[in-house]
Amino acid sequence: MVGVKMATAAAASIRERQTVALKRMLNFNVPHVKNSTGEPVWKVLIYDRFGQDIISPLLSVKELRDMGITLHLLLHSDRDPIPDVPAVYFVMPTEENIDRMCQDLRNQLYESYYLNFISAISRSKLEDIANAALAASAVTQVAKVFDQYLNFITLEDDMFVLCNQNKELVSYRAINRPDITDTEMETVMDTIVDSLFCFFVTLGAVPIIRCSRGTAAEMVAVKLDKKLRENLRDARNSLFTGDTLGAGQFSFQRPLLVLVDRNIDLATPLHHTWTYQALVHDVLDFHLNRVNLEESSGVENSPAGARPKRKNKKSYDLTPVDKFWQKHKGSPFPEVAESVQQELESYRAQEDEVKRLKSIMGLEGEDEGAISMLSDNTAKLTSAVSSLPELLEKKRLIDLHTNVATAVLEHIKARKLDVYFEYEEKIMSKTTLDKSLLDIISDPDAGTPEDKMRLFLIYYISAQQAPSEADLEQYKKALTDAGCNLNPLQYIKQWKAFAKMASAPASYGNTTTKPMGLLSRVMNTGSQFVMEGVKNLVLKQQNLPVTRILDNLMEMKSNPETDDYRYFDPKMLRGNDSSVPRNKNPFQEAIVFVVGGGNYIEYQNLVDYIKGKQGKHILYGCSELFNATQFIKQLSQLGQK
């Protein structure tokens, strides 16, 4: 990489860096050169579930094949010996994984073994492998053993999540359990810190760390500071030296890492949302960039009395390659519906053009007009034919988004999600409410019991004044009548009583959404999206608490909310426990990391915030990514105690 080029272009994103690291690993830990001629070396890839989750959002099966991976198998599946092929392993250094690798060595499954550990392997486990290799007289076959430091999952250029397999271990519930022991808490924190450490090794930068006091985020900060410090002290084995740093995006200035605790804002993860990506995550099964849809097959064409057809499950990958997704994932839903419609119309026009040219070309030579048209149409047809693969890809994306958007729209209409969204926005921005909360809770047509619970919790969390006991009883009765489980409320009550001692409730800015009248333009007859009755709400940018905290710390603004945030600089010789930043300049790059779980609403809010800041970059990370349903479930478990 050329230094000059890096200076001008914004940094390689974390997504690119992790992808490059994976490709290097698949290339036997030699940098992967794109245009090398000749066939790649054919090999097998053996991974565990952790490795699978890291690779699948970044590399498609086709990309793996281009890298020479003919087979990719789970470590703990039954695998047949393939004695003349090298195997690349990508697994966590756990006891059972290592036992299984030793077994592979004994059974002489492959020609040679390249062992890559997602996270650093301990000395004793390395010795276990060495002993097994000796016993199996396979020492010469173990070609390389590497610590990859890739123990995190990148979902977007500017978003990552720590883990997916053992996310219960680091979930909001795990951190906030009243009966958690100190040792369990240590384990949770170590797991989070290990992944964050891997993240910074991959990023090639040592951050300056800020965190709130007295929270789980502070425990993470202390441990991460210590781990980075120890690694920097050990000059021979430091992971932050020379080549990695020079190529980093932070060659001029170090990034800021803001560690926030989920408890500073419990309303946002429960909030009904209005932007495309967040809606998909809220109402559909959307997981590691893949959405699974159940397609209901039509009943009307089946003969009377026939069994209704089984629902087909379809899954789609929503990737950065998908131009439509990249452009619209942050757009309000009505805009998305309109754009899908426009794309479809422009596609149909292109398709008609190709058909028209074909029919002209089919004309026989006796027509003089046709001959004169032929000459200039040949060029047109050539271009039309060459754009066919492009057209087909366009068609695939249009179908994909038509299906996904239609599925989302069904939820919006069935559950009146636009009403919920608008009402919650008003609650969170302390605007006057036009209809009573009880009415919505009691309305049998508005939403599921869970929607009602979410709305009430947001009201309860955002209220300056908790409702009186009598009112609360009335709300509880209405919620119970609507079929809600009240456990989450139990927990939020305790949480609020505790948080009240600690600080004032978070404020959400005081802006509102403006309904723009019903969607008249999308209503034209040709549209497939019947948006009748769905409000066309336009969003105004308002910063959520996480974004506000970041803004204070990144721009070095003085604000009571963040003034006592602790300050760590792992590069300083002695750690000092101060909240006084040594560096007074605003930061260009920042990473916001939410301990206790994050969501696409906050991610989108940060993305929108940074758009207005020239030349600045933000990454959003969280210990797990949950939607409101998953979060409510955790709150409910906490409330049962």
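Residues numbered from 1 in each chain as written. Predicted model: local features only at pLDDT ≥ 70, side-chain atom pairs only at ≥ 80, totals over all residues. Heavy atoms only, no water.

In the annotation of an unreviewed UniProt entry, the entry for the protein chain reads Sec1 family domain-containing protein 1, and the organism field reads Panthera leo. UniProt lists a comment for the protein chain under the heading Sequence similarities (unreviewed entry), and it reads "Belongs to the STXBP/unc-18/SEC1 family." One UniProt comment on the protein chain, placed under Function (unreviewed entry), says "Plays a role in SNARE-pin assembly and Golgi-to-ER retrograde transport via its interaction with COG4. Involved in vesicular transport between the endoplasmic reticulum and the Golgi." (UniProt positions renumbered as here; feature names shortened; annotations may be inferred.)

Visitor: Please clarify how the packing of helix H2 (residues 14-26) against helix H8 (residues 182-203) should be interpreted in this entry.
Guide: Two quantities define a packed helix pair, namely the angle between the helix axes and the distance between the axes. With their axes 9 Å apart at the nearest point, H2 and H8 run at an angle of 90 degrees to one another. Taken as axis vectors, H2 and H8 run roughly perpendicular relative to one another. Taking contact as the criterion, the partners of Ile14, Arg17 and Gln18 in H2 are, on H8, Phe199, Thr202 and Leu203. For the contact of H2 with H8, a count of residues per class yields three nonpolar, two polar and one charged. (Axes fitted to C-alpha atoms, helices over the stretch in contact; angles between N-to-C directions. Helix = DSSP H or I, 4+ residues; strand = E, 2+ residues; numbered from the N terminus. Parallel < 35°, antiparallel > 145°, perpendicular 65-115°, else oblique. Contact = heavy atoms within 4.5 Å. Nonpolar A, V, L, I, M, F, W, Y, C, P; charged D, E, K, R; others polar.)

Visitor: For this particular structure, what's the right way to read unusual backbone geometry?
Guide: The phi torsion of most residues other than glycine is negative, and most of the peptide bonds are trans. Positive phi, close to 50 degrees, is recorded for Tyr149, a residue that is not glycine. Backbone geometry places Lys416, a non-glycine residue, at a positive phi of 50 degrees. Given the relative accessible area of 30%, Lys416 is considered partly exposed. (Buried < 20%, exposed > 50% of the residue type's maximum accessible area, 1.4 Å probe, protein only.)

Visitor: Would you explain the packing of helix H11 (residues 276-283) against helix H15 (residues 388-415) in this entry?
Guide: Orientation of H11 relative to H15, taken along the N-to-C sense of each, is 70 degrees, at an axis distance of 10 Å. As summarised for this structure, H11 and H15 are arranged roughly perpendicular, according to the angle between their axes. Helix-helix and strand crossings are classified by hand; for H11 and H15 the assignment is left-handed. Where H11 approaches H15, its residues Tyr276, Leu279, Val280 and Val283 are matched on the opposing element by His401, Val404, Ala405, Val408, His411, Ile412 and Arg415. (Left-handed = near helix turned anticlockwise from the far one by under 90°.)

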